[in-house]
Structure formats: structure tokens, C-alpha cells
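Residue strings, one per chain:
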Amino acid sequence: MNKTWDIPGGIHPPENKLQSLKQGIAEVPLPDILILPLNQHIGAPAMPVVKPGDTVLKGQLVAEPNGFVSAAVHAPSSGAIEAIEDRAIPHPSAMDASCIVIRTDGEDRWVDLHPNRDYRALTIRQLLNLVRDAGITGMGGAGFPSAVKLQPRQSIGTLIINATECEPYITADDGLIRERADEIVIGIDILAQILGNPQQILIGIENNKPEAYTALVNACESAAKNGAITSSIEVVSFATKYPSGGEKQLIQILTGQEVPSGKLPAELGIVCHNIGTVYAVFRAVYLGEPLISRITTVTGNSCTKPGNYEVLLGTPTNHLLGTAGFDEVLCQRLIMGGPMMGYTLNDLNAPVIKSTNCLLAADIVESPAGNPAQACIRCGHCSEVCPASLLPQQLYWYAKARDYDQLANHHLADCIECGACSYVCPSEIPLVQYYRAAKGEIRLIEQEVIVSDRARQRFEYHQERLTKAEQDRTAKREARREEARKKAAELAKNNSESSSADESDVNVDSEVIQAALARVSATKNSPEQELKRLERAVTAAENRLAKAEEKLRQCPDDDSRKKVLEAAVAQTRLRHDDAVNKLSRFKIADIASEQTQSANASAKLADDPTDKDQLASDRASLAIKNAQLKAARQADMSELEKLQNQHDSLQKRVEKARNRLEQAISDNDDNIDAYRVAVEKLDIKLNNSETAIANFVPDDRTSDTLHIEDSEQHN
Ligand code: SF4
Ligand code: SF4
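Each value, and the rule that gives it
Residues numbered from 1 in each chain as written. Chains lettered and ligands numbered in written order. Predicted model: local features only at pLDDT ≥ 70, side-chain atom pairs only at ≥ 80, totals over all residues. Heavy atoms only, no water. Helix = DSSP H or I, 4+ residues; strand = E, 2+ residues; numbered from the N terminus. Polar contact = N/O pair within 3.5 Å; in protein donor to acceptor, adjacent residues only side chain to side chain. Contact = heavy atoms within 4.5 Å. pLDDT = per-residue confidence, 0-100. Buried < 20%, exposed > 50% of the residue type's maximum accessible area, 1.4 Å probe, protein only. Pairing = 2+ DSSP bridges. Near = heavy atom within 4 Å. Nonpolar A, V, L, I, M, F, W, Y, C, P; charged D, E, K, R; others polar. Salt bridge = Lys/Arg side-chain N within 4 Å of Asp/Glu carboxyl O. Phe/Tyr/Trp six-rings, centres within 6.5 Å; stacked < 30°, edge-to-face > 60°.

For the rest of this paragraph, the subject is the side chain of Asn162. Note on placement: Asn162 falls in strand β9 (residues 158-162). Here the side chain of Asn162 touches Gly245 through a polar contact of 2.9 Å, landing on its backbone oxygen. Excluding anything up to four places from it in sequence, Asn162 contacts Gly204, Gly245, Leu250, Cys272, His273, Asn274 and Ile275.

Here it is in C-alpha cells:
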């Protein structure tokens, strides 16, 4: 006999288990509809693989796992998919959630099954896949996907099977063990194989289930004797006390080890599975059947036929209750689960799901109307019964005050919500409800932190990308400027003997202007004469282009000269553009020269401000010249330069908007949202501008010109 250890606290409420054990496991007639929530488990909701109108067979996959922590859903009977829509589901919040609704056809036809009687020939990976594909989740109430729990990172030395079922009224596991112990033992053997054959396999069961204990002992002995299993399994019975069935509590009872706060049993080399889960694993691997049904206890004084029922998942609660002789008038409170950890179920259309171990239809005797909660009298009873050695009274104060830091310091996360503290509280304070609400709020806060952390990371990444892009662009600009600088220096050197040796340090604008002025002086014309000459050249080019276009217009399509005329128009247009560009560059140089002269004059006047009117007039003239120069430069820019110009200006605006947003956040300004929207809009514009620059295709007329000239020579 394996040694056992005691756990702190605990209570002994009336068991009320006999009512549902008077009969064996009963069948439930096939309901007309089955409602399958996509999220019957902890983790991501499953993804439907069927659509309304599809027909399905019993055991067919209707929703696949959506991620590592998720679970598949299968059709519990044959029929047609009637809808995929929100329906009431069993949940403490009484919420609706997405469900697949199947209208059964009454034929209950199975898909092809693939049993694995020789499961020892399968690899661990194959066995894990079978468990995962069958959609098995913890059947004791937690609903954690079993395949995930069967892949701990640590090596496992002890496998514990939880057959404790310590909560009053619930006997689903007891009934299952009494009737199907042989199958359960094979299920344990499969789990042992998946976990690398742990040295120790223990089944923990309270001593208020002697029939189930005997059935397990006999099944283990005979399976070992006839070679059906290779594992050595020990069935350990211990004194009944609520809540011995908590995972950490059972581990302590069977091994004497305490799982530290915030740690998982696997970190001690221990894995714990519910006995209902083990049976589901047997069916999945040995028989090839997915999880489509479970044993559920239906009990309470409002039922004339309390008992354990084998019920298809998705069966509406009212259908199951009807089978158990439910009297709605008598029922004071319908509880999903047991009286200690269950929650009130208000909608009788909500379905049975994978974790539904009990439906308690309590009458007024079993669930008397509660008295209003009184003030805490600091009696300390709650602390005495807490199996997790917590301070429920303090947790209550901190939960009421929403002091989440103190709740964390007092290990709220270790509370298993067993309700023992509420049960003994003389002030009838619903302590556990405060803890559940606080845990829900903490979860929400944690999710918000995760979301905002992700947003911050995205923002920082975006900033980094922009900085890098800007650095690249600056480097390219610098390279272009350097090129222009060299050309201007060369030109100036050729045209002016007096060019100074440090000319390359002069800014680009003045170099370009000097070069243009040098060109102008080389023509021996005065600036006015040169301007007129260039304007005449533009007018002449316009006339030539108009004539060439007119000739082309008049030329019939089938005329052999048509192509030559088209080429001539293209070339004339290029010459026209060239004349326009020359005029434009000359004007910039001219304006800049005047601007320099004007600025110099203004500076002289400012040093000696004897004529204030002249100074004002010169300043105004300088401003006009600046504006003209800017406009002329803008007009002279290439499309790419315009895009870059626009991008630079947008970047400055984005920076400004971000600074404003940061300031608003630090000031807790009311307009944070508006500033954030402004930043987002500018970001989009900036991105579009970057895309436009990246996708820019230059209008390569030079190559066209060459081509035209070539073709003219050939002709
Ligand atoms: S049992 Fe109730 S009354 Fe007593 S200390 Fe705890 S919360 Fe207060
Ligand atoms: S509900 Fe939480 S605090 Fe109360 S006894 Fe149970 S574990 Fe302790």
C-alpha cells in the first residue's frame, strides 16, 4: 500500500452521491439537434471545416484545431449542418458563442473508423496525433487540450490518474470506473507509452468509492496477468476530504511533494490526467473513435431519474434533463457542475460540452435562498479550510479594493476556486465569486498589456525602418550632390581662370548658379539679351512642333511617310522640351544672381541704416526674389525630385505629429485619440510616398531619341 500525505485545510460537506449511483450508465435518446460550441476547451476556438447544408457522418471532423493549444470538434451523430451561428453555451457569464448546429437524421451512421488494437506498434508521435485528432481535452472540468499536456518539456517520472471526484453529488467517474475499468487500464497504458513509460503510475481515489476501487484493482491485476498492459499501475485509496481532487492537492496526497506557486507539476516530473480523459484516450487510440460523448451525472431533487448518462456532446440540456425526469417547477437552481465549483445555468438550450461532468437540478432544500452577505467578522475559518494555504479574508479585501498588486502578492493565482472558504464563512460572503471576478479582471489587464506591448514593438520597428530608409536616401542624395559638385567645379575651372582652389566647398546652389552664369557670359550676350534669345528659341521650338504635328495629322494612315513623320514629331518635341528647360535654368540662375546682389545690398544697408525706406524696399524685393527662385526651382524639378521633396516634407510632419502625440500621452490629454489618428493618417501618406518613390519609372527619352535618330539615318 502506497503511503499518502495529508493536505492543509479541506472540508466535509454532505456527499449526496448515492442518488445517482442507483442505476448503471444510461443512454440518452438521440436529440433532433446537436449544438457544438467551437470553443469547448482552453485555447483558441476550433475552425469550422463544414458549411451549412453539408451532410456529416457520426465521428466526422467538423472543426479543426486552430493552433497548438486548441482542440478538434466532431459530429456526434449523422445529419446535416443546419447553421454555424452564435448560440447559448454553458459558461458562468451566460454568454452566446459560435456553434455548429447539426440536425440529426436519426440514422447515427459512423464514418470509417481506424482502430489501433496493437497501439504498442505506434510511435509516440503517432499516438499523440491520434489524441490530438480525436479532440480530447481534460474531462475533469478544466478542458485543457490533452495532447498539449502529454508533451511536457521535462522527462516524466510519475503519471498520476485522478479518480478522486471529490465534489458532492458528482459520480460520473465513479460510474465510469465501475463499468469500464478494463478499458481505462488500457488507456493508462497508452498514456504511459506516450510519456516514455514513467517509473511510477498511481491512480488516486477517495475511500468513499469502494466499488470503483475494487474494479480498478481487479482490472490492473488481470491486465498485467494476461499481458494486456506493460505498465505497473498502483491504485491508491485515501481518506475522503474536499477538495482532494485539485491537481496540486492530489499530487501532495500521493507523493508528498508540493508544487511551488507559479510552477507546473511537469517541473517536478509529474503529469496528472483525469480518469475520464484516460477513457477518451482509450477510445481514440484503441477504437479509433473521436471524442463525441461523455458520462454526465444528472442529479438533484428536481429529477425523478437521477443517474449517470452517456450523452452525445452538443445535446441540449433540456433534452438531457427530460430524460432524467426533470421538474422545472421544483427546480430552485440548475447548476452546471457540482454545488461547490459549478455555476448557475439559466438557458436550458445550452448544450452538454466536453467538460460537462454534472447537471445538478437542486430544489429549495438543496439550494435554499441565500441570506444577504454580512460584514466579515474576522473569524479566520476561511483560512483554516483553504487547501492552498492562502488567506481568503485578505484576498477578499484586496479583490473588493481591486488591488491587483496585493492580490498577486497574496498568491490569488494559486486559488483553485474550490469554494471551501465560502462554504464555511459565517457571514455568507460569496468569497470565491470575488476571486473569480478579480482573476477575470487581471486576465483582461494582462491581455491589454500584451496588446499594447505588441503595438509598441510594431511602432518601434516601423520607426527603425523609416530611419534606415532615410539614411539610405540621404546617402544617395549626398552621392548625387557630390557628383554635381564635381561637374560644377570642372565647368567653372574651364570657364574661369580665377576660380579659387577651395571651390568644391561652396554650396551646391551657388555652384550651379556660377556654372550657369559662366555659360551665360560665354555667349558674350548680356543677361537680358540671353533671356530674349532663349525665349525666342522656345517660341521657335513651339512653332516647329505645331507644324510637325499638323503635318503628321494630315498624313493618311497608309502613307509610307507616316513613320518618318512620327519620329520627326518626337524629335521636335524633345528639342522643344530642351529649349524650355534651358530657359527655365537660365531664369533660376538669373533670379539667384539678383537675389544675391539684393541680399548683399540689404546687408550693407543694415550695417549702415541711414535710408530705412530703401532697406524695407530691398527686403521686400529679396522676399519676392526668394519666392520666384523657389517657384522656378519647383518647376525645374524632375518628377522624382518632386516626389522626394514631398516625402521629406511629409516626414517632418509625421515627426511633429508624433511629438505632439507623445506630449498628449504624457499630459493625459483628452485629444490623445485624435492625435493618434492624425499620426496614423500621416504614416499612411508617408508609406504611399515611399511606395511612389520605390515604384518610380523615369521617362527615358534619351534612348527614344537615339532610336529615332537611328531610324532616320536608316531611312
Ligand atoms: S470566514 Fe468569512 S467572516 Fe470569517 S474571516 Fe473569513 S471572510 Fe471573514
Ligand atoms: S476558493 Fe481559493 S481561497 Fe477559498 S478555500 Fe479554495 S483555494 Fe482557498
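Take the confidence of the model for the chain next. Predicted confidence across the chain gives a mean pLDDT of 86, with 86% of residues reaching 70 or more. For residues 499-510, every residue scores under 50 in pLDDT, and the model assigns this stretch eleven contacts once sequence neighbours within four places are set aside. This model gives residues 699-715 a pLDDT under 50, and the stretch forms ten contacts once residues within four places in sequence are excluded. Both scores are given for the predicted complex: the pTM is 0.66, the ipTM 0.99.

Here we come to the environment of Ile100. By the secondary structure assignment, Ile100 is in strand β8 (residues 96-104). Overall, Ile100 belongs to the buried group, its relative accessible area being 0%. In contact with Ile100, other than residues within four places in its own chain, are Leu34, Ile35, Leu36, Leu38, Pro48, Val50, Val62, Ala63, Ile81, Ala83 and Ile84.

Strand order across the open sheet formed by three strands is β3-β5-β6, with antiparallel pairing between neighbours. Of all strands in the sheet, those bounded by a partner on one side alone are β3 (47-48) and β6 (73-74). Where β3 lies against strand β5 (residues 61-64), two bridges are found, and the strand directions are antiparallel. Its bridge partner lying in β5, Pro48 is registered against Ala63.

For the rest of this paragraph, the subject is the site of ligand 1. Residues in close proximity to ligand 1 include Cys376, Ile377, Arg378, Cys379, Gly380, Cys382, Gln393, Cys425, Pro426, Ser427 and Leu431, which together make up its full environment. In terms of residue class, the shell around ligand 1 is made up of seven nonpolar, three polar and one charged.

Our next topic: the site of ligand 2. Lining the immediate surroundings of ligand 2 are Cys386, Pro387, Pro392, Cys415, Ile416, Glu417, Cys418, Gly419, Ala420, Cys421, Val432 and Tyr435. Counting only elements with at least two residues in the shell around ligand 2, the list comes to α11 (420-424) and α12 (431-495). Residues of the shell around ligand 2, tallied by class, amount to ten nonpolar, one polar and one charged.

With that out of the way, let us pick up the pattern of salt bridges. On inspection of all chains with the given rule, the structure shows 32 salt bridges. Notably, a salt bridge pairs Arg561 with Asp559, separated by 3.3 Å at the nearest N-O pair. Ionic contacts of the salt-bridge type, sharing partners, join the residues Arg180, Arg283, Glu289 and Glu310 into one network.

Turning our attention to unusual backbone geometry. Looking along the chain, the bond that leaves Tyr242 and enters Pro243 is cis, with omega of 5°. The residue Pro243 is located in the loop between β11 (233-238) and α5 (247-255) in this model. Phi at Tyr169 is positive, roughly 75°, even though this residue is not glycine. At Arg378, a residue that is not glycine, the phi angle is positive and equals roughly 55°. Mapped onto the elements, Arg378 comes out in the loop between β17 (358-362) and α8 (381-385).

On to the packing of aromatic side chains, then. Enumeration over the complete set of coordinates arrives at five aromatic pairs. Measuring from ring centre to ring centre gives 6.1 Å for Tyr279 and Phe282, while their planes differ by 25°; the resulting arrangement is stacked. Linking Tyr279 with Phe282, this pair stays in helix α6 (residues 275-287), spanning three residues, or about one helical turn. Given the relative accessible area of 11%, Tyr279 is considered buried. Ring geometry for Tyr396 versus Trp397: centroids 5.2 Å apart, planes at 40°, classification tilted. Relative accessible area serves as the criterion here: at 34%, Trp397 is assigned to the partly exposed category. Taken together, the ring pairs connect Tyr119, Tyr279, Phe282 and Tyr286 into an aromatic cluster.

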